[in-house]
Amino acid sequence: MDVLLLHGLLLLPLAALLLYRCSPHFQYLCKVAFFNCWIVAMATLLSPFAAFRGRSVDNMKLLRAALLPLKRFYGIRMRVRGAEQLQLQGPFVIVCNHQASLDLMGMVEVIPERCVPIAKRELLYLGTVGWACWLSGIIFIDRHRRDTAIEVISHTASTMRHENLRVWVFPEGTRNPGKSMLPFKRGAFHLAVQAQVPIVPIVISPYWDFFSSKEKRFTSGTCTIRVLPRVETRGLSPKDVPELTESVRQAMAEALAEMSMSDHEDQATEQSLLGLGDNRGRPQGQGDTARNGK
Ligand SMILES: CCCCCCCC/C=C\CCCCCCCC(=O)SCCNC(=O)CCNC(=O)[C@H](O)C(C)(C)COP(=O)(O)OP(=O)(O)OC[C@H]1O[C@@H](n2cnc3c(N)ncnc32)[C@H](O)[C@@H]1OP(=O)(O)O
Ligand SMILES: CCCCCCCC/C=C\CCCCCCCC(=O)OC[C@@H](O)COP(=O)(O)O
């Protein structure tokens, strides 16, 4: 009986390993579980240190350091284009597309000093994760109560100017794994206009090559982050916000469309250079299936 139990215990990890190797779905589940566990573990370990400082944007450095290694675990290569656009003195608002929780990996890759994200209030209730977010100065809004959300944003506008604070907003307001961006919420643009600070749009390339929560697929791959030229808001007033929102969204949508194309081309070139496959002269679609089927 004991021998049987021992064998069982030895076989269990082996079976799990085999399953991991053979089943992309199981691999996906493990990788996503690890992502969440890592965040909970880091928040639990680091919050006590962050608490020494109290609630402070300086704790964003800890948060960043805690999340930076994730890309290595997953074999995701991050390429940043246009990082020099972030070399700005003074406050500004970053707007970025939002595909999945994985965006945190891209965010920590480029987030400048003294920059905090705006997040949904629900994150506050995630135990130590909520505590870590609060200690890092993350700004919480209640998406179901527009008035209070707008109040928080107005308050943020004056804090930005007084404390040289940068703010990161996902203007789609929710995760969107689709191929195009959702309509933008206007809060980020009201914020920039109220504070009279520039807007820096950031576009993270689509994850389809290596990640899809719908298809339960999570492999290694390359992600490109493009920082677009800043948009000035000096002299603009609230009545200009709808047009401002649309023009920024348009620029980001164009960049996203371009990146979905060129990302594929880059990888095809890399593959043929490495002799991994020759995609030349083949329609883009076929190359895709070949790669995704790997
Ligand atoms: C110590 C270290 C340890 C380390 C451990 C690691 C732990 C790490 C874990 C985690 C890291 C953190 C991760 C953060 C990431 C989280 C991401 C998210 O949560 S994304 C969801 C929240 N984001 C948003 O929702 C966007 C912001 N939202 C908005 O801007 C909306 O506009 C909002 C909520 C203010 C209102 O939303 P509406 O749905 O009502 O839609 P609208 O169309 O935008 O607004 C309606 C009307 O209100 C006006 N309006 C909006 N904002 C205004 C304003 N500020 N002032 C005046 N009017 C405003 C608009 O102009 C519009 O009016 P007219 O149609 O133009 O007449
Ligand atoms: C002792 C502590 C125990 C607490 C256990 C709680 C488990 C928490 C598990 C994982 C924490 C991962 C937090 C990742 C934060 C990701 C930020 C994010 O991307 O939020 C989604 C939000 O933008 C849009 O939300 P919706 O698409 O509208 O929904």
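Quick caveat, the model's predicted, so the values are computed rather than measured. (Residues numbered from 1 in each chain as written. Chains lettered and ligands numbered in written order. Predicted model: local features only at pLDDT ≥ 70, side-chain atom pairs only at ≥ 80, totals over all residues. Heavy atoms only, no water.)

Remarks on the overall build of the protein
Right, so step 1: Counting its regular elements, the protein contains 10 helices and 9 strands.
Right, so step 2: Across the 294 residues of the protein, 44% fall into the buried class.
Right, so step 3: Put simply, 76% of the contacts in the protein that link residues at least 6 apart link residues at least 24 apart.
Right, so step 4: By element, 61% of the accessible surface of the protein is carried by carbon and sulfur atoms, the whole surface being about 16200 Å². (Helix = DSSP H or I, 4+ residues; strand = E, 2+ residues; numbered from the N terminus. Buried < 20%, exposed > 50% of the residue type's maximum accessible area, 1.4 Å probe, protein only. Contact = heavy atoms within 4.5 Å. Areas by Shrake-Rupley, 256 points an atom, 1.4 Å probe, with all protein chains shown as cover.)

Here's the deal with empty space enclosed by the protein
Right, so step 1: Evaluated as defined, the whole model comprises 2 cavities of 30 Å³ or more.
Right, so step 2: In this model, the largest cavity occupies a volume close to 60 Å³.
Right, so step 3: Considering the residues around the largest cavity, the lining is formed by Asn97, His98, Gln99, Glu172, Asn176, Gly178, Lys179, Ser180, Met181, Pro206 and Leu256. (1 Å grid on protein atoms, 1.4 Å probe; cavity = no way out; pocket = protein on both sides within 12 Å on 5 of 7 lines; lining within 4 Å. Points joined across faces, edges and corners; volume = space filled by probe spheres on them.)

Re the packing of aromatic side chains
Right, so step 1: In the structure shown here, the tally under the stated rule is 12 aromatic pairs.
Right, so step 2: Geometrically, the ring pair formed by phenylalanine 34 and tyrosine 74 is edge-to-face, given 6.3 Å between the ring centres and 80° between the ring planes. One end of the pair, phenylalanine 34, is in helix α2 (residues 24-53); the other, tyrosine 74, is in helix α4 (residues 70-74), and 40 residues separate them in sequence.
Right, so step 3: For tyrosine 74, a relative accessible area of 4% gives the class buried.
Right, so step 4: Taken together through their ring pairs, the aromatic side chains of Tyr28, Phe34, Phe35, Trp38, Phe73, Tyr74, Tyr207, Phe210, Phe211 and Phe218 make up a single cluster.
Right, so step 5: One cation-aromatic arrangement involves lysine 179 over tryptophan 208; the distance from NZ or CZ to the ring centre is 4.6 Å. (Phe/Tyr/Trp six-rings, centres within 6.5 Å; stacked < 30°, edge-to-face > 60°. Lys NZ or Arg CZ within 6 Å of the ring centre and 35° of its normal.)

A closer look at the site of ligand 1
Right, so step 1: Taken together, 28 residues lie around ligand 1, and Lys120, Arg146, Lys185, Arg186 and His190 are the ones closest in.
Right, so step 2: Lysine 185 has a polar side-chain atom sitting 2.8 Å from an oxygen atom of ligand 1.
Right, so step 3: Interatomic distance of 2.9 Å between a side-chain N/O atom of histidine 190 and an oxygen atom of ligand 1.
Right, so step 4: Compared with its free state, where it exposes 1400 Å², ligand 1 has 82% of that area covered by protein. (Near = heavy atom within 4 Å. Polar contact = N/O pair within 3.5 Å; in protein donor to acceptor, adjacent residues only side chain to side chain.)

Points about the pairing of strand β9 (residues 221-227)
Right, so step 1: Burial within β9 is extensive, with 6 of its 7 residues counted as buried.
Right, so step 2: For strand β1 (residues 76-81) and β9, the ladder comprises 6 bridges, and the chain directions are parallel. Following the sheet pairing, methionine 78 is matched in β9 by cysteine 223.
Right, so step 3: Bridge count between strand β6 (residues 199-204) and β9: 3 bridges; the pairing is antiparallel. Within the sheet, the bridge partner assigned to isoleucine 204 lies in β9 and is isoleucine 225. (Pairing = 2+ DSSP bridges.)

Considering the UniProt feature "transmembrane region" (unreviewed entry) in the protein
Right, so step 1: In this numbering, the UniProt entry assigns the feature "transmembrane region" (unreviewed entry) to residues 32-52.
Right, so step 2: The span residues 32-52 is 100% helical and 0% strand by assignment, and the distance between its end C-alpha atoms comes to 31 Å. (UniProt positions renumbered as here; feature names shortened; annotations may be inferred.)

So, the site of ligand 2
Right, so step 1: In the vicinity of ligand 2, the contacting residues are Asn36, Val40, His98, Ser101, Lys120, Leu126, Thr128, Arg143, Thr174 and Arg175.
Right, so step 2: For ligand 2, an oxygen atom lies 2.6 Å from a polar atom in the side chain of histidine 98.
Right, so step 3: Interatomic distance of 2.9 Å between a side-chain N/O atom of arginine 143 and an oxygen atom of ligand 2.
Right, so step 4: Calculation on ligand 2 without its partners gives an accessible area of 770 Å², and the protein chains cover 69% of this total.
Right, so step 5: Broken down by class, the residue content of the shell around ligand 2 amounts to 2 nonpolar, 5 polar and 3 charged. (Nonpolar A, V, L, I, M, F, W, Y, C, P; charged D, E, K, R; others polar.)

Observations regarding the side chain of aspartate 142
Right, so step 1: Relative to the helices and strands, aspartate 142 resides in the loop between β4 (139-141) and α7 (146-163).
Right, so step 2: This buried residue, aspartate 142, is left without a salt bridge; arginine 145 holds the nearest opposite charge, at 4.2 Å.
Right, so step 3: A polar contact of 3.0 Å, which involves the side chain of aspartate 142, links it to the backbone nitrogen of histidine 144.
Right, so step 4: When near neighbours in sequence (up to four residues on either side) are disregarded, aspartate 142 contacts Arg121, Thr148 and Ala149. (Lys, Arg positive; Asp, Glu negative; His and termini not counted. Salt bridge = Lys/Arg side-chain N within 4 Å of Asp/Glu carboxyl O.)

Observations regarding the side chain of asparagine 176
Right, so step 1: Tracing the sequence through the fold places asparagine 176 in the loop between β5 (166-169) and α8 (187-195).
Right, so step 2: Relative accessible area serves as the criterion here: at 10%, asparagine 176 is assigned to the buried category.
Right, so step 3: Here glutamate 172 takes part through its side chain, which lies 2.7 Å from a polar atom of the side chain of asparagine 176.
Right, so step 4: Once residues within four sequence positions are removed from consideration, asparagine 176 is found in contact with His98, Gln99, Met181 and Leu182.

Quick look at the nonpolar core
Right, so step 1: Counting 78 residues, the largest nonpolar core has Val93, Trp168, Phe189 and Ile202 as the members making the most contacts within it.
Right, so step 2: Per element, the largest residue contribution to this core is 7 residues, and it comes from helix α9 (residues 241-273).
Right, so step 3: Ignoring any residue separated from it by four or fewer positions in sequence, one finds isoleucine 202 in contact with Leu86, Ile94, Val95, Cys96, Asn97, Val110, Trp168, Ile225, Arg226, Val227 and Met252. (Core = buried A, V, L, I, M, F, W, Y, C linked by side-chain atoms within 4.5 Å.)

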